[in-house]
Amino acid sequence: MATKYVNAVISEEQNENSLPVLDGTLGPSAVDIQTLYARHSLLAFDPGFRSTAACKSAITFVDGDKGILLYRGYPIEELAESSSFVEVAYLLMFGDLPTPAQRQQFDLAIGNHNLLHEQVLSFYRGFRRDAHPMAVMVGVVGALSAFYHDVMNIRDANDRQLAAIRLVAKMPMLAAASYTYSVGRPQRYPNNKHDYATNFLQMMFGTPVQEFAVDPVLARALDVIFILHADHEQNASTSTVRLAASSGANPFACIAAGIASLWGPAHGGANEAVLKMLMEIGSVENIPKVIDRAKDKNDSFRLMGFGHRIYKNFDPRSRVIQGQAKKVLAHLGKDDPLLEIAMRLEEIALKDEYFIERKLYPNVDFYSGILLRAMGFPMNMFTAVFAVARTAGWVSHWLELQEESHGIDRPRQLYVGKTLRHYPGGK
Ligand code: ACO
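Bear in mind that the values here come from a model prediction, so they are computed numbers and not experimental data. (Residues numbered from 1 in each chain as written. Predicted model: local features only at pLDDT ≥ 70, side-chain atom pairs only at ≥ 80, totals over all residues. Heavy atoms only, no water.)

Novice: What's the story with the overall build of the protein chain in this structure? I'm lost.
Specialist: A count of helical and extended segments in the protein chain gives 18 helices and five strands. Computed over the C-alpha atoms, the radius of gyration of the protein chain is 23 Å, within 12% of the 22 Å expected from 2.2 N^0.38 for a compact globule of 427 residues. Dimensions of the protein chain along its principal axes, counting C-alpha atoms only, are 75 × 60 × 60 Å. The 427 residues of the protein chain split such that 47% are buried. Here the protein chain displays about 22700 Å² of accessible surface, and carbon together with sulfur accounts for 53% of that area. Charge centroids of the protein chain, computed over 43 positive and 45 negative side chains, lie 7 Å from each other. (Helix = DSSP H or I, 4+ residues; strand = E, 2+ residues; numbered from the N terminus. Rg over C-alpha atoms; globule rule 2.2 N^0.38 Å. Buried < 20%, exposed > 50% of the residue type's maximum accessible area, 1.4 Å probe, protein only. Areas by Shrake-Rupley, 256 points an atom, 1.4 Å probe, with all protein chains shown as cover. Lys, Arg positive; Asp, Glu negative; His and termini not counted. Charge placed at Lys NZ, Arg CZ, Asp CG, Glu CD.)

Novice: For this particular structure, what's the right way to read the pattern of salt bridges?
Specialist: Oppositely charged side chains can form a pair if their charged atoms are brought close together. Going through the model one piece at a time under the given rule, you end up with 17 salt bridges. Note that Asp63 is salt-bridged to Lys66, the shortest N-O span being 3.8 Å. Glu404 is paired through a salt bridge with Arg242; the nearest N and O atoms lie 3.2 Å apart. Highlighted residues: Glu404 in the segment after helix 18 (382-403) and Arg242 in helix 10 (residues 236-245), separated in sequence by 162 residues. One continuous salt-bridge network, built from bridges that share partners, spans Arg242, Glu400 and Glu404. (Salt bridge = Lys/Arg side-chain N within 4 Å of Asp/Glu carboxyl O.)

Novice: Just to check I follow, could you spell out helix 6 (residues 133-143) for this structure?
Specialist: Along an α-helix, a turn takes 3.6 residues, which lines up residues three or four apart on a common side. Burial within helix 6 is extensive, with eight of its eleven residues counted as buried. Its buried side turned inward, helix 6 meets helix 5 (118-124), helix 7 (157-183), helix 11 (251-262) and helix 18. (Contact = heavy atoms within 4.5 Å.)

Novice: Explain the environment of Asp409 here, please?
Specialist: Residue position: Asp409 is located in the segment after helix 18. Dropping the residues within four chain positions of it, Asp409 is found in contact with Arg242, Leu243 and Ser246. A distance of 2.8 Å separates the side chain of Asp409 from the side chain of His406, its partner in a polar contact. (Polar contact = N/O pair within 3.5 Å; in protein donor to acceptor, adjacent residues only side chain to side chain.)

Novice: Got a minute to help me understand a nonpolar patch on the surface in this structure?
Specialist: Residues Ile10, Val21, Val31 and Ile33 make up a contiguous nonpolar surface patch of about 370 Å² in total accessible area. Along the chain, Ile10 turns up in the segment before strand 1 (21-22). We classify Ile10 as exposed; its relative accessible area is 72%. (Patch = residues over 30% accessible without salt bridge, like charges linked within 9 Å, V, L, I, M, F, W, Y side chains within 5 Å.)

Novice: It is not clear to me how the site of the ligand should be interpreted in this structure. Could you clarify?
Specialist: Neighbouring the ligand are 22 residues, the closest being Leu303, Gly305, Phe306, Arg309 and Tyr354. Between the ligand and the protein, one listed contact pairs a nitrogen atom with a backbone N or O atom of Ala266 at 3.3 Å. In this structure, Gly305 approaches the ligand through a main-chain N or O atom, which is 2.9 Å from an oxygen atom. Relative to its unbound accessible surface of 940 Å², the ligand loses 78% to contact with the protein. (Near = heavy atom within 4 Å.)

Novice: Would you explain the layout of surface pockets in this entry?
Specialist: Empty space left among the atoms is revealed by rolling a probe the size of a water molecule over them. Of the volumes computed, that of the second largest pocket is approximately 310 Å³. Taken together, 19 residues form the lining of the second largest pocket, with Asp107, Ile110, His194, Asp195 and Tyr196 sitting closest to its centre. Of all the elements in the fold, those that place two or more residues in the lining of the second largest pocket are helix 3 (85-94), helix 4 (100-113), helix 7 and helix 8 (196-205). The biggest single contributor to the lining of the second largest pocket is helix 4, with five residues. Of the residues assigned to the lining of the second largest pocket, the class counts are nine nonpolar, six polar and four charged. (1 Å grid on protein atoms, 1.4 Å probe; cavity = no way out; pocket = protein on both sides within 12 Å on 5 of 7 lines; lining within 4 Å. Points joined across faces, edges and corners; volume = space filled by probe spheres on them. Nonpolar A, V, L, I, M, F, W, Y, C, P; charged D, E, K, R; others polar.)

Novice: Can you help me understand unusual backbone geometry in this one?
Specialist: Note: most residues except glycine have negative phi, and most peptide bonds are trans. The phi dihedral of Phe49 is positive, around 55 degrees, even though this residue is not glycine. Of the residues examined, Phe49 reaches a relative accessible area of 58% and is grouped as exposed.

Novice: So what exactly am I meant to see when it comes to the sheet that holds strand 4 (residues 68-71) here?
Specialist: Pairing between the strands of a sheet is mediated by backbone hydrogen bonds and can be parallel or antiparallel. Ordered by their spatial adjacency, three strands build an open sheet running 3-4-5, and the pairing between neighbours is antiparallel. Taken across any chain shown, the strands that pair with only one partner, and hence form the sheet edges, are strand 3 (60-63) and strand 5 (74-75). Examined bridge by bridge, strand 4 and strand 5 share two bridges and lie antiparallel to one another. Pairing of Leu70 across the sheet is with Pro75, part of strand 5. (Pairing = 2+ DSSP bridges.)

Novice: Just to check I follow, could you spell out the packing of aromatic side chains for this structure?
Specialist: The relative placement of two aromatic rings is captured by the distance of their centres and the angle of their planes. Tallied over the entire structure, the rule returns 18 aromatic pairs. Measuring from centroid to centroid gives 6.0 Å for Phe123 and Phe147, while their planes differ by 65 degrees, and the two rings are edge-to-face. Of this pair, Phe123 sits in helix 5 while Phe147 sits in the loop between helix 6 and helix 7, and the two are 24 residues apart along the sequence. With a centroid separation of 5.2 Å and 90 degrees between ring planes, the pair formed by Phe306 and Phe366 is classed as edge-to-face. Of the two residues, Phe306 sits in the loop between helix 13 (287-295) and helix 14 (316-332) while Phe366 sits in helix 17 (residues 365-374), which places them 60 residues apart along the sequence. Of the two residues, Phe306 and Phe366, neither departs from the other in class, the shared state being buried. Through a chain of ring-to-ring contacts, three or more aromatic side chains come together here, namely Phe85, Tyr179, Tyr196, Phe200, Phe205, Phe226 and Phe377. Across from the ring centre of Tyr37, 5.0 Å away, lies the NZ or CZ of Arg412, which sits over that ring. (Phe/Tyr/Trp six-rings, centres within 6.5 Å; stacked < 30°, edge-to-face > 60°. Lys NZ or Arg CZ within 6 Å of the ring centre and 35° of its normal.)

And the structure:
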């Protein structure tokens, strides 16, 4: 069969074949193909969604060619410098920075909902002690839907807001408990005298028998990590949350689906994979061998923490994370050889034709593992930290989706299987 083509011409003239072009406030315009099938019996084919705007969104903007990331219009570098995670969570959820009174109310709401139901803590004992924290989080966050299902109506804006706040508020204790359970330590509760990041640190690393010594440099570094990971428009986990939510599913179950998607090494699991890779490299002399492996088409190995579906330039978050990693290591008086390997690897890769041609730059995960390790986080908690932060983005997209009315998301397919055939011996 001869290949056929659709020749799209963008013009201001309209005829019976025209499809409207929609303009956003920033970024590329989008062809509105919603009527394509009804009018032309044609589907759009875009596996991997490389050219698909799956929805309209007013939350986060990424310009991957220029290396720009904006939350509700504010550059990520400015928020990382001057804001706090809780303020950013408010911004993402409600659209604007809070006034002092709104901030106070939001803090109060987070403080009112940051405890876990005691019965939830008993779930942890059902997991193997060596279970990966992300496996535990998928299970426990999903299980929260059993606690807050009958009492919430997703058609009610107040109930929706409460569910979103509950998720952001409870996530630090949920994540910390997946770690303390694995090391057999009793779980501390949040303390409302602490800010969000400090509370997470004290629940992770504190014990009930001692006052927790707050290190403001580490608390600020964690807050910055949370800000940088809070949202990233329609990434795999956020799209998973939106798809699950489009059926009207319980928000806790939707966020559990997002956590599952985040876990993979091509997404949030990359920071764990980066650190493992740096450890395997072991010393600067071994870098050329690793670069050769990454370039070898017959080897499935990829340079972890490099490349991004959207960024074809520096990921603006990677620069901020690198700065924080250096700051924390200097503050702790530590000298991590992995930082030197990472910086040298970046330098060599960025001069290599293979990486230049494909526009492969370090992404947010390249330095975040080094920073989290310096702060004392075990490697298997890295993605769980990411999940705590990304919950702010997931619930913001969930809230935004509930305001829309396009119904259930139901992609179509290009069927390439067998055509009709009959069961042998049948009539
Ligand atoms: N190392 C070596 N080569 C790479 C890498 C890498 N890290 N990333 C992409 N490439 C190559 C591919 O082999 C391909 O080469 P080819 O054109 O010769 O076939 C080309 O660059 C384009 O790669 P794609 O897979 O088409 O790029 P895509 O946009 O689909 O992938 C991804 C993006 C998944 C992030 C990829 O770059 C990757 O696997 N990186 C490593 C994992 C990682 O760091 N993930 C974290 C992403 S950030 C986040 O989720 C927070």
